[in-house]
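Inside the fold
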Amino acid sequence: MNQIYLYLTNKSDQSPIKIERECTLCDCNGKVWREESREIYELEKNVDKDIIGSVVSIMKDLNLLTNDVLVINCAIKLQNGVLTTEINKLQFSVDNRSKCLDHFKQLYEEPHQSDVRLKVGEEVINAHWLILCTRSPYFMQMFESEMKERLQNIVVVTDISFLALKKLVEFLYTGTIEFDKPIDLNFLYDLYYAADKYQVPDLKKNALTPFYQKQR
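Quick summary incoming for the structure in this document. From a predicted model like this one, the values you see are computed outputs, not experimental measurements. (Residues numbered from 1 in each chain as written. Predicted model: local features only at pLDDT ≥ 70, side-chain atom pairs only at ≥ 80, totals over all residues. Heavy atoms only, no water.)

**Side note on the packing of aromatic side chains**
Going by this rule: Each Phe, Tyr or Trp ring, with Trp reduced to its six-membered ring, pairs with another whose centre is within 6.5 Å; inter-plane angles below 30 degrees give stacked pairs, above 60 give edge-to-face pairs, and intermediate values give tilted ones.
For the structure on display, the rule yields 5 aromatic pairs. Cluster of aromatic residues (ring-pair linked, three or more members): Tyr-138, Phe-139 and Tyr-198.

Set out below in structure tokens:
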């Protein structure tokens, strides 16, 4: 999630003072992406006030930005008209790593064009060989071999619960994991075993964290 803030502080002897703010969001080519009408703010003395946080909600529309660059044109003036200040071209580059992780999370949640199925009993997890192989040496070895799993693109898992396998795949895609509460120690053991089997050391470390917290 991305959010941008611009804070003003009232350093004058008057408190509060009122200001007007106009704001236009553009891409790096000057194309207007979003334009906001005037808004009035009251600034208390020596108190920081964000004046664009409510405007810049760029979480869902990042793909619309050319070269992942957002330009903010912001005009600020005192309501009595004595002083006008323009802040032109505040330029921000989007965190591409965060953006990439968001895309992988979306790929996990909506596995379009998946090319392998992980099967536990009658339950199935759709996945992508490329992601599994990149994140797990175990899956890489399976992919490069002539094992029937590779030939049929179906991996049948009999020694790990569906929930533990699902959490492992989620971690391979997103690098994060959320634990349901209350914590089930049997599930943690199963997850640790899965992380060890599929050679995902970061997940092994994460799987033990709730256990240590539970012992405190």
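More follows now that the structure is in view.
**A word on the packing of helix H5 (residues 162-174) against helix H6 (residues 185-197)**
Defined as follows: Each axis is a line fitted through C-alpha atoms, and for a helix only the stretch in contact is used; angles between axes span 0 to 180 degrees, taken between their N-to-C directions. To qualify as a helix, a DSSP run of H or I must reach at least 4 residues; to qualify as a strand, a run of E must reach at least 2; elements of each kind are numbered from the N terminus. Throughout, the term roughly parallel applies to angles under 35 degrees, roughly antiparallel to angles over 145, roughly perpendicular to angles from 65 to 115, and oblique to all others. Each crossing is labelled by how the near helix is turned from the far one, with a counterclockwise turn of less than a right angle marking it left-handed and a clockwise turn marking it right-handed. Any pair of residues with heavy atoms lying within 4.5 Å of one another is described as a contacting pair.
Between H5 and H6, whose axes approach to 9 Å, the crossing angle comes to 50°. With respect to their mutual orientation, H5 and H6 come out oblique. Remark: the crossing between H5 and H6 carries right-handed chirality. Of the residues in H6, those in contact with Leu-163, Ala-164, Lys-167 and Leu-168 of H5 are Phe-187, Asp-190, Leu-191, Ala-194 and Ala-195.

**Focus: the sheet that holds strand S7 (residues 116-120)**
Selection rule: At least two DSSP bridges between two strands are needed for those strands to be called paired.
Here we have 3 strands laid out as an open sheet, ordered S8-S7-S9, and mixed in their pairing. Across the chains shown, the open sheet's two edge strands, defined by having one partner strand only, are strand S8 (123-127) and strand S9 (154-156). Ignoring which end each strand starts from, the neighbouring axes of this sheet average 20° apart. Where S7 lies against S8, 5 bridges are found, and the strand directions are antiparallel. Its bridge partner lying in S8, Arg-117 is registered against Asn-126. Here H5 sits on the sheet in contact with S7 and S8, set at roughly 10° to S8.

**Section: unusual backbone geometry**
Peptide bonds are, in most cases, trans, and in most cases residues other than glycine have a negative phi. Put simply, the rule reads: Categorising residues by exposure relies on relative accessible area from a 1.4 Å probe, with only protein chains included: less than 20% of the type maximum marks a residue as buried, more than 50% marks it as exposed, and the intermediate range marks it as partly exposed.
One non-glycine residue, Asn-153, adopts positive backbone phi at about 60°. Within the secondary structure, Asn-153 sits in the loop between helix H4 (148-152) and S9. Here Asn-153 falls in the partly exposed class, since its relative accessible area comes to 25%. You will see that Gln-199, though not glycine, has its phi angle at about 60°, which is positive. Summarising the element assignment, Gln-199 is placed in the loop between H6 and helix H7 (201-215). Judged by relative accessible area, which is 37%, Gln-199 ranks as partly exposed.

**Remarks on the side chain of Thr-174**
Here is the rule: Counting of polar contacts relies on pairs of N or O atoms within 3.5 Å, with two restrictions inside protein: one atom must be capable of donating a hydrogen and the other of accepting it, and residues adjacent in sequence are counted only when both atoms are side-chain atoms.
With respect to the element layout, Thr-174 can be found in helix H5. Under the relative-accessibility criterion, Thr-174 is labelled buried at 11%. A polar side-chain atom of Thr-174 sits 2.8 Å from the main-chain carbonyl oxygen of Glu-170. Residues within four places of Thr-174 in sequence aside, it is in contact with Leu-101 and Lys-105.

**Side note on the side chain of His-128**
Positionally, His-128 belongs in the loop between S8 and helix H2 (129-135). Residue classification places His-128 among the buried residues on the basis of a relative accessible area of 9%. Excluding its chain neighbours within four sequence positions, the residues that come into contact with His-128 are Leu-107, Pro-111, His-112, Gln-113, Ser-114, Asp-115, Val-116 and Tyr-173.

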